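# Report on the structure
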Amino acid sequence: MLRATLKSLLARKLRLILSGLAVVLGVMFVSGALVLTDTLNRTFDSIFADAYSTTDVSVSAKPKIEVAEFEGEEVAAPLPASVVDKIKSQAGVRSATGRVDTDGARVIGSDGKVLTSMGPPRIGSNWTGTDEFLQLRDGRGPDAAGEIAMNATTAELSGYRIGDRVPVLTQQPKREFTLVGIWGYAGDRDSIGGLQEVAFTTPVAQELMLGEKDVFTSVTVRTADGVSPDELRDRLAPVLGGDYQVRTGEQLAAENSASIKEGLGFFNQILLGFAGIALFVGIFLILNTFSIVVAQRTRELALLRAMGASRRQVINSVLVEAVIVGLIAAVLGLAAGVGAGAGLGALFSSAGGGGLNLAPIGVPLSAVISSFLVGVLVTVVAAVLPALRASRIAPVAAMQDVATPDRPLTKITVAGGLVTSAGAAALGVGLFADAGDATLYLILGGVLVTFLGIALLTPLISRPVVSLLGRLFAWSVPGKLGRLNSGRNPRRTAITAAALMVGIALVTGVTVVMDSAKGSLKSEAAKILKAQIMISGDQNGPRPPTFDPAVVDKIAKISGVRASAGLYNDLVSIDGEQQYVTASEDLAVMAQAYGTTAPALRDNQIAVSTPEATEQGWRTGSQVTIQASRGEQHTYTVALVFAENSLPGSIVLPAAAIKDFGITQPVLGFVRLDDGVAVSSVLPQVKDLLADSPEVSATDQQTFVNAQAAQFDQIITMIQILLGLAILIAVLGVVNTLALSVLERTRELGLLRAVGLGRAQTMRMVTVEAVVISVFGALLGVVVGAGMGSAVAHALENDGITQIVLPWARMGTYLGLAALVGVIAAVAPAIRAARLNVLGAIAHD
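Keep in mind the model is a prediction, meaning the values are calculated, not measured. (Residues numbered from 1 in each chain as written. Predicted model: local features only at pLDDT ≥ 70, side-chain atom pairs only at ≥ 80, totals over all residues. Heavy atoms only, no water.)

## Topic: the overall build of the chain
The following threshold applies: Helix numbering and strand numbering both begin at the N terminus, where a helix is a DSSP run of H or I of at least 4 residues and a strand a DSSP run of E of at least 2. Three exposure classes are used, based on accessible area relative to the maximum for each residue type with a 1.4 Å probe and protein chains only: buried under 20%, partly exposed in between, and exposed over 50%. Under the convention used here, a 1.4 Å probe and the Shrake-Rupley method define accessible areas, while residue burial counts only the protein chains that appear. We count Lys and Arg on the positive side and Asp and Glu on the negative side, and we leave His and both chain ends out. For the purpose of locating charges, the reference atoms are NZ of Lys, CZ of Arg, CG of Asp and CD of Glu.
Regarding its fold elements, the chain presents 24 helices and 23 strands. For the C-alpha atoms alone, the extent of the chain along its principal axes is close to 100 × 75 × 50 Å. Counting only residues that meet the buried cut, the chain has 51% of its 845 residues in that class. As displayed, the chain has an accessible area near 36,900 Å², and 59% of this comes from carbon and sulfur atoms. One finds the centroid of the 66 positive side-chain charges in the chain at a distance of 18 Å from the centroid of its 70 negative side-chain charges.

## Description of the packing of helix α13 (residues 477–487) against helix α21 (residues 759–795)
In a pair of packed helices, the angle between the axes and the distance between the axes together describe the arrangement. This is how it is decided: Lines fitted to C-alpha atoms define the axes, with helix axes restricted to the stretch in contact, and inter-axis angles between N-to-C directions lie between 0 and 180 degrees. Roughly parallel refers to an angle under 35 degrees, roughly antiparallel to one over 145, roughly perpendicular to one between 65 and 115, and oblique to any angle outside these ranges. Two helices cross in a left-handed way if the nearer one is turned anticlockwise from the farther one by less than a right angle. They cross in a right-handed way if the turn is clockwise. Throughout, a residue-residue contact means that at least one pair of heavy atoms, one from each residue, lies within 4.5 Å. Note on residue categories: nonpolar means Ala, Val, Leu, Ile, Met, Phe, Trp, Tyr, Cys or Pro, charged means Asp, Glu, Lys or Arg, and polar means any other residue, Gly included.
Put simply, α13 and α21 touch, their axes get as near as 8 Å, and they point 45 degrees apart. Considering their axes alone, α13 and α21 lie oblique with respect to each other. Considering how the two elements wind past one another, α13 and α21 form a crossing that is right-handed. Touching Pro478, Gly479, Leu481, Gly482, Arg483, Asn485 and Ser486 of α13 are Gln761, Arg764, Met765, Val768, Glu769, Val772 and Ile773, all from α21. Its residues placed into classes, the contact of α13 with α21 shows six nonpolar, five polar and three charged.

## What about the packing of aromatic side chains?
The condition that has to hold: Aromatic rings from Phe, Tyr and Trp, taking only the six-membered ring of Trp, are treated as a pair when their centres fall within 6.5 Å; an angle between ring planes under 30 degrees marks them as stacked, one over 60 as edge-to-face, and anything in between as tilted.
For the coordinates displayed, the defined rule picks out five aromatic pairs. Seen in terms of ring centroids, Trp127 and Trp183 are 5.7 Å apart; in terms of plane orientation they differ by 50 degrees. Their pairing is tilted. Separated by 56 residues along the polypeptide, Trp127 in the loop between β6 (122–126) and β7 (134–139) and Trp183 in strand β10 (residues 175–185) bring together distant segments of the chain.

## Let's talk about the sheet that holds strand β1 (residues 57–61)
To be explicit about the condition: By definition, two strands form a pair when at least two bridges between them are found by DSSP.
Within the open sheet, the four strands sit side by side as β3-β13-β1-β14. Their pairing is antiparallel. Looking along the sheet, the strands with just one partner apiece sit at the ends: β3 (93–99) and β14 (244–248). Taking each pair of neighbouring strands and ignoring which way they run, the sheet shows an average axis angle of 20 degrees. Pairing of β1 with β14 involves five bridges; the strand directions are antiparallel. Bridge pairing in β14 places Ala61 opposite Tyr244. This element, helix α3 (residues 81–88), spans β1, β3, β13 (218–223) and β14 of the sheet and lies at about 170 degrees to β3. Against the sheet, helix α6 (residues 229–240) contacts β1, β3, β13 and β14, and its axis sits at roughly 175 degrees relative to β14.

## Section: the environment of Thr717
When you line up the elements, Thr717 lands in helix α19 (residues 701–744). You can call Thr717 partly exposed: its relative accessible area is 40%. Thr717 sits 493 residues away from Ala224 along the chain, and the two C-alpha atoms are 56 Å apart.

## A look at unusual backbone geometry
Phi angles above zero are rare outside glycine, and Asp214 is one such case at about 55 degrees. Mapped onto the elements, Asp214 comes out in the loop between α5 (202–210) and β12 (215–216). When its relative accessible area of 52% is taken as the criterion, Asp214 is described as exposed. Located in the positive-phi region is Asn645, a residue other than glycine, with phi close to 70 degrees. As for its position among the elements, Asn645 is in the loop between β20 (634–642) and β21 (651–653).

## Some details on the pairing of strand β17 (residues 577–583)
Here seven bridges tie strand β16 (residues 561–574) to β17, and the two strands are oriented antiparallel to one another. Across the sheet, residue Leu571 finds its bridge partner in β17, namely Tyr580. Taking the residues that link successive antiparallel strands as the turn, the β16-β17 hairpin has two residues, and the phi of Asp575 there is positive, at about 55 degrees. Pairing geometry for β17 and β21, over two bridges, is parallel. When the sheet's bridge partners are listed, Ala583 is paired in β21 with Leu653.

## Describing the nonpolar core
General note: in soluble globular proteins, nonpolar side chains tend to be found buried as a group. For clarity, the threshold we go by: The criterion is simple. A nonpolar core is a set of buried Ala, Val, Leu, Ile, Met, Phe, Trp, Tyr and Cys residues joined through side-chain atoms within 4.5 Å.
Ranked by size, the top nonpolar core spans 82 residues in total, and within it Phe284, Phe451, Met501, Val502 and Ile729 carry the most contacts. When sequence neighbours within four positions are dropped, the list of residues in contact with Val502 reads Ile277, Phe280, Val281, Phe284 and Phe451. In this structure, Met150, Phe177, Val204 and Val227 belong to the second largest nonpolar core, which totals 41 residues.

Structural measurements only, silent on function.
This is how it looks when you write it as structure tokens:
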């Protein structure tokens, strides 16, 4: 029986390739994600180990607000210079060096543009000299207040050389410095992980990066001979007290690496999620392949049964074939995944500025195990139903010339109805009920089960819908034949279309949600935003773009300007919970620029929105204690409860709080004009005033709103790319079905050719069949996706989505692309059908 199985498998190599390709692609996605994550994990392990290689012990003040990696930017608490002297006096300390290292030093390149960063921070530090890790390549370290040095990556990106004047943005407005030194790192590296770094003299670094004199962000301590880092850490910790963190260099490297890995783990889960979708679609392809193969081998399997093969042996025969396909696909998918992981790693490195030196590509054990588990499991699961069906073939079928007739759809329809109802119920509870921690699982599970249910219902609706779609091509004989062929086996058509349906439905659903959010944003902005000119920039790193606060006052003096205000924000802690707050130099002016009215706040007063006040149980006169990124806790009195969206933010702090913010410059600007004043007459003057703040630009209100809404299009594009693999597998499913159908209908095609059907007509017939199936799957996906997307958008009504927008143009595009996919998918099967030898095909058994 095993020999018969292997001979059957080798005799149908096309079947083996087409069914295995779906698994190869899915396994490639899984193994590629694991290879990429492993490579990046080892890369960051190496980066942080090198970065702290010259640090025995590090001392820093506990941050006021602790922020996890990828959730925001943590602001280092200032450490007084007296602490450095205290550390130096302790036994076992060879040296103690105060360090200033904080994000926010943005170099303006020789082209006048700020150097961007797609991830790594832009560090401003104090020059403390060279060591075995940091090495000068050209020039010297800064000695005077007007001098800086920079690492080689920053120098290369900016285009500056020794002696050039370099504009730099910090916590203060733009200042120019003379570049006197360029440094690199051990191992001939230009940077550590793509980091851009500028070094000032210590007093200047303290002034520009921390806003205070005689403070540092940390102290680097070297141990005396005979004292281990662990010993010195344990000595210093009780001396300094609980307000300071004392850690060894190894601890810091491990903690920073673990923090990065946490963020990468989330990224990995996203990739694996899309890999799961691709594999889910692949199951439909494999199921269809084995179903067609079993139907084609009806007589062969019946002969085996007649010769004494048991049902179990027939089942095992099909499953062994599936295992072989799965194993081969797993090996190829793993190899392809290693290549994909390497390619994504290189892309990741280039996105970070090219300074990320990747660790050598490796194949983790998890990738190997996952590849074989996924490859074999997916293939075997998809082959179970066809195997059971094969075992039910009676020996008498060996004497029949006809294929196994299609079975009634009653059972599958009832099952589909029940499964769809269960999925819709889970989805409804997850979207509209408070399910706590189970909400995400209910939504994801509901979507998956709903897809299964709809796939089971698809055979019921395929025949009428496919027949209706086929009428568009029924104006010729090939069109009529193609229409009839596409509807002759509802199960087969349904499975093929369902694979395409899943990908299209997910893309459509995301598009509906994003377009609804975009439409809601534009609608609400038109109602709320009264400022005709906006000042903003594109954030491409952990720090948002800012501008000189003095510009706000200068804009206010322009003729025709009614009010000009800058908006500040910060991550604060309120009763132990982190939350973003806003502030302005004068709330009354901000309200006027925003299009409403509000009184100015005193130093101990705040304003809160009605929803925030309701949620927190606050009212006018309530006391609220807030800890900002810097400084000490302050207790404020609620002086104003304002209507939602009438002011920017839900909690507005007074101007006196800005000095304790992590970023003490405005991140957004509002300019409101007098009635009748044209934007075109004021906008150029505002742009001129922003010449020294190149991170931001001034635009009219509509341009600003469109730029914010465009971010949703970026999300849609990203989803489309990630789901592209699932759609590609679905396309392979169409090719597979047609190719195997052509083999199955060899004799029928020969008879059609014999009675006068030409080669071109045969190709058109197969093409019509492919187009109808593809459009049917896409139509099903568009309808299901629009329904799911609308449900999700409706559930997010309280989160700002106030209208449901159906992307008719995109949905029409998806249907048009589906027709094109059908034409492309039909090329190879159509050519094969047209080249059949007529006499050989008629004699085919």
